[in-house]
Amino acid sequence: MAFTRATGKHRRPGRMQRTTVRAAGVAALATTGVVGTLAAPALAAEPAAEQTGLTPVITIGDSVAEQIDAQAAAQQQAAVEAEARQQAEEAARERAAEAAKEARAAKERAAREAERKRLNTFVSPISGSYVSTGYKAGGAVWSSGSHTGVDFHASSGTAVRSVGTGTVVEAGWGGAYGNQIVIKMHDGTYTQYGHLSSIGVSVGQSVTPGQQIGLSGATGNVTGAHLHFEARTSMEYGSDLDPVAYLRAHGVNV
């Protein structure tokens, strides 16, 4: 009985065709070092290179090919994971930079708010005192015919405080005011403190709300110890404002 050789699509691929495909994979993997530790020992047990008449190819077993495929897949997965880590690290750096930027902005806002609050804080010139003689009170004791400020009750030697933030523009003898201090406030107005027994600041010095600047007394044209306090639009006599209204407008309970 005669046997016919299978042909066409039912014919099994030849050994050379199968091994040529795998050899191409080996050649590609060899450049990445995949075959270095795995394929070399295994290939030693495989047949030598076939001579196809065109290009020599290496024939390897199925088990070695599977191991090479697995190692290549692992190497590819490692590359993917490394890229993911790099992206995560970059994202973390960006978040940290953004957080630092926001923290700096918050700190700057807090500093501006603190400065605004400091500049706008006002206090009474005599802590716990009261007005004993009001603004525009009449009498022959005042050269203008009326009181240009207010008097705060205070015994001699009581601490006198700057009512707000400013710069000392006068500190010394002021005639009828006796020892006096004049401060230019941060908003451009002026405050005056008269009849002092002691002066504790000098011209050009910056002062803050509540800072002690001197001691009350009875120097100048007075009948007893107290603090004469004025608020003015300028340094000049006659530019006076209502001191109580001035302090209340700045939040001081007088």
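What you see is a predicted model; the values in this text were computed from it and never measured. (Residues numbered from 1 in each chain as written. Predicted model: local features only at pLDDT ≥ 70, side-chain atom pairs only at ≥ 80, totals over all residues. Heavy atoms only, no water.)

Trainee: Looking at this model, I keep getting lost on the confidence of the model for the protein chain. Mind explaining?
Mentor: Any residue range with low pLDDT should be treated as having predicted coordinates unsuitable for detailed reading. In this model, the protein chain carries a mean pLDDT of 82, and residues with pLDDT of at least 70 account for 74%. Low pLDDT, under 50, characterises residues 1-11; the stretch is placed with two contacts to residues that sit more than four places away or in other chains. This model gives residues 13-29 a pLDDT under 50, and the stretch forms 25 contacts once residues within four places in sequence are excluded. (pLDDT = per-residue confidence, 0-100. Contact = heavy atoms within 4.5 Å.)

Trainee: Looking at this structure, how should I read helix H3 (residues 62-120)?
Mentor: Across its 59 residues, H3 extends 86 Å between first and last C-alpha, which sits within 8% of the 87 Å expected from 1.5 Å per residue. Residues of H3 that are buried include every one of Val64, Ala65 and Ile68, and no others. (Helix = DSSP H or I, 4+ residues; strand = E, 2+ residues; numbered from the N terminus. Expected span 1.5 Å × (residues − 1). Buried < 20%, exposed > 50% of the residue type's maximum accessible area, 1.4 Å probe, protein only.)

Trainee: Just to check I follow, could you spell out the pattern of salt bridges for this structure?
Mentor: In the structure shown here, the tally under the stated rule is five salt bridges. For the salt bridge of arginine 118 with glutamate 115, the shortest nitrogen-to-oxygen distance reads 2.8 Å. Taken as a pair, arginine 118 and glutamate 115 lie in helix H3 at a separation of three residues, close to a single helical turn. Relative accessible area serves as the criterion here: at 34%, glutamate 115 is assigned to the partly exposed category. Of the charged contacts, one joins aspartate 240 and lysine 136 as a salt bridge, the two residues approaching to 3.6 Å between their closest N and O atoms. Of this pair, aspartate 240 sits in strand E10 (residues 240-241) while lysine 136 sits in the loop between strand E1 (131-133) and strand E2 (150-152), and the two are 104 residues apart along the sequence. With relative accessibility at 45%, the residue lysine 136 sits in the partly exposed group. (Salt bridge = Lys/Arg side-chain N within 4 Å of Asp/Glu carboxyl O.)

Trainee: What is the right way to look at the pairing of strand E6 (residues 190-199) in this model?
Mentor: Each regular strand displays side chains that alternate between the two surfaces of the sheet. Most of E6 sits inside the fold, with seven of its ten residues counted as buried. In this sheet, E6 lies alongside strand E5 (residues 179-185) in antiparallel orientation, the contact comprising five bridges. If you follow isoleucine 181 over to E6, its bridge partner there is tyrosine 193. Alignment of E6 against strand E9 (residues 227-232), held across five bridges, turns out to be antiparallel. From the neighbouring strand, tyrosine 190 faces E9, where its bridge partner is arginine 232. (Pairing = 2+ DSSP bridges.)

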